[in-house]
Amino acid sequence: MSAHDSPVPSPFAGLGRGLDRAVTRGMNTVTGGAIAPYQSAIVRIGFSLTWLLFLLREFPHRVELYGPDAPWSWDLAKQLVAGNHAFTVLLWTDSRGWFEIVYAFAIVASVMLLLGWRTRTASVLFMIGVLSLQNRSIFEGDGGDNVIHLMAIYLVFTRCGTVWSLDRRLAVRRAAKAAKAADVGKATEAGADPVGIALWTVFGVALLAASLAGKLSTGWALLFWAFWLIQAVWWAVLRVAPGEPRTVLDIIADIVHNGAMLVIVVEVCLIYSTAGWYKIQGGAWQDGTALYYPLHLDDFSPWPALSHTLAGNDLAVMLITYGTVIVQVAFPFTLFNRRVKNVLLVAMMLEHASIAVVLGLPFFSLAMIAADAVFLPTGFLVWAADRLLRRLRPGGGRPAAVVHEQRAAGSEQGVRPAGPADPAVGPPPTGAVT
């Protein structure tokens, strides 16, 4: 047989093996740990802080916004919710006392989530507070409320308290206490969590009362009961079977977390892409004059002199107008190039900071910056946290974790502490009922 008669290698040779390796890497990534723990933590802190500041800022006007004196009356809200089936506990009664309780509840839930105390429970309570107030008066807000609305739901399914939380700090202390007790030969009771059990019991009673009173729709009742039962199962497995069953539950929690983080990333990309493409269709955005008009509206001119000076600069107006469209349309595509993505990310955050000052929309800007934070590099977040800790604790700063890849905090592949365990970083808390 001549050389010309030898078989030609198939271009598909090795494709199956390559596909198998890719699938294996993907499965290991999805099930091997909670992806982007620092990003989920900064999103948690950002949105809970934004909502908390909004509630405190509007505290003197709360009754006119969401209470009995709101322009969108209780009866109108009742009719709307009956049609769209939105969730809000404010429509359970039109009592002024009930409104004050719900408003205070929303503030407390925001503080809990901000600090990362009982994060699993706090995320559910935070969602209840956000949905209850926003669905009571849907015409209040400036756009940022829609982002908070969505993120409050998504955060429930994330493990956003694995780092930078009181849960993490308390878990480190419990582990150290257990290790010390083991060294001296004392027995420790695994899974003991009286505070968590008390919270679980109280909210179970409240959920039962709401269900029996018919205040919850079937869908929301099933969702809340599922959350409540999952907490019980988690605690029971930790106490009775902390080995393989606990590992399985951790894998399931990681998969749910990773899916929720993917949804958050896609949601932010959709926000920017839809905003950008809709702007392209507008004549004022096409001719570069769109920024000029809001700068002359009294409602969006907290600093009239600044607004008029900027509006009087035609070149600046045109550059900002076109730049906004370009950044918003291009950003989702830059996720494939880390350096370009980081440049546009900084540009968008600066843009939102400018909107807060020039147009007087601080909470909208904070909400969008918190959403943008999901794309911040892990190395930058760890570095920034380390610098902040050193400033807050002069002379007592500890070395931060060295992050080798986007993995769950504390996993062997993801975080390798450079020194003693720091409560601010490290593996996720374990054992808490709530």
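Residues numbered from 1 in each chain as written. Predicted model: local features only at pLDDT ≥ 70, side-chain atom pairs only at ≥ 80, totals over all residues. Heavy atoms only, no water.

> How should I be thinking about the packing of helix H2 (residues 37-57) against helix H16 (residues 362-372) in this particular structure?
A pair of packed helices is captured by two measures, namely the crossing angle of their axes and the spacing between those axes. Running from amino to carboxyl end, H2 crosses H16 at an angle of 170°, the nearest separation of the two axes being 8 Å. Classified by the angle between their axes, H2 and H16 sit roughly antiparallel to one another. On H16, the residues that touch Val-43, Gly-46, Phe-47, Thr-50, Leu-53, Phe-54 and Arg-57 of H2 are Phe-363, Leu-366, Ala-367, Ala-370 and Ala-371. Partitioned by chemical class, the residues of the contact of H2 with H16 number nine nonpolar, two polar and one charged. (Axes fitted to C-alpha atoms, helices over the stretch in contact; angles between N-to-C directions. Helix = DSSP H or I, 4+ residues; strand = E, 2+ residues; numbered from the N terminus. Parallel < 35°, antiparallel > 145°, perpendicular 65-115°, else oblique. Contact = heavy atoms within 4.5 Å. Nonpolar A, V, L, I, M, F, W, Y, C, P; charged D, E, K, R; others polar.)

> What is the right way to read the environment of Val-382 from this model?
Tracing the backbone through its elements, the reader meets Val-382 in helix H17 (residues 378-392). For Val-382, a relative accessible area of 7% gives the class buried. For the pair formed by Val-382 and Tyr-38, sequence separation is 344 residues and the distance between their alpha carbons is 7.7 Å. (Buried < 20%, exposed > 50% of the residue type's maximum accessible area, 1.4 Å probe, protein only.)

> What's the story with the packing of helix H7 (residues 144-155) against helix H11 (residues 244-280) in this structure? I'm lost.
At a minimum axis separation of 10 Å, H7 and H11 run at an interaxial angle of 165°. Classed by the angle they form, the pair H7 and H11 counts as roughly antiparallel. Crossing of H7 against H11: the hand is right-handed. Residues Val-147, Leu-150, Met-151 and Tyr-154 of H7 pack against Ala-260, Val-263, Ile-264, Glu-267, Val-268 and Ile-271 of H11. When its residues are assigned to classes, the contact of H7 with H11 shows nine nonpolar, no polar and one charged. (Left-handed = near helix turned anticlockwise from the far one by under 90°.)

> How do you make sense of the layout of surface pockets when you look at a structure like this?
In this approach the atoms are scanned with a rolling probe the size of a water molecule, which exposes any empty space left behind. Taken as a whole, the largest pocket holds about 1300 Å³ of empty space. Lining the largest pocket are 50 residues; nearest its centre among them are Arg-120, Thr-121, Val-124, Phe-227 and Gln-231. Secondary-structure elements contributing two or more residues to the lining of the largest pocket are helix H5 (96-115), helix H6 (119-136), helix H8 (166-183), helix H9 (194-212), helix H10 (218-240) and H11. Taken together, the residues that form the lining of the largest pocket break down as 36 nonpolar, nine polar and five charged. (1 Å grid on protein atoms, 1.4 Å probe; cavity = no way out; pocket = protein on both sides within 12 Å on 5 of 7 lines; lining within 4 Å. Points joined across faces, edges and corners; volume = space filled by probe spheres on them.)

> Looking at this structure, how should I read the pattern of salt bridges?
Should the charged atoms of two oppositely charged side chains come close, the side chains can pair. All told, the structure shown has seven salt bridges when counted by the stated rule. In this structure, the salt-bridge partner of Asp-250 is Arg-246, at a minimum N-O distance of 3.1 Å. Here Asp-250 pairs with Arg-246, and both are found in helix H11, just four residues apart, close to one helical turn. For Asp-386, the salt bridge goes to Arg-390, with nearest N and O atoms at 2.9 Å. Placement of both Asp-386 and Arg-390 in helix H17 is noted, with a separation of four residues, approximately one turn of the helix. Asp-386 gets classed as buried once you look at its relative accessible area, which sits at 8%. Residue classification places Arg-390 among the partly exposed positions, given a relative accessible area of 37%. Shared partners join several salt bridges into a network, and the residues in it are Arg-159, Arg-246, Asp-250 and Asp-254. (Salt bridge = Lys/Arg side-chain N within 4 Å of Asp/Glu carboxyl O.)

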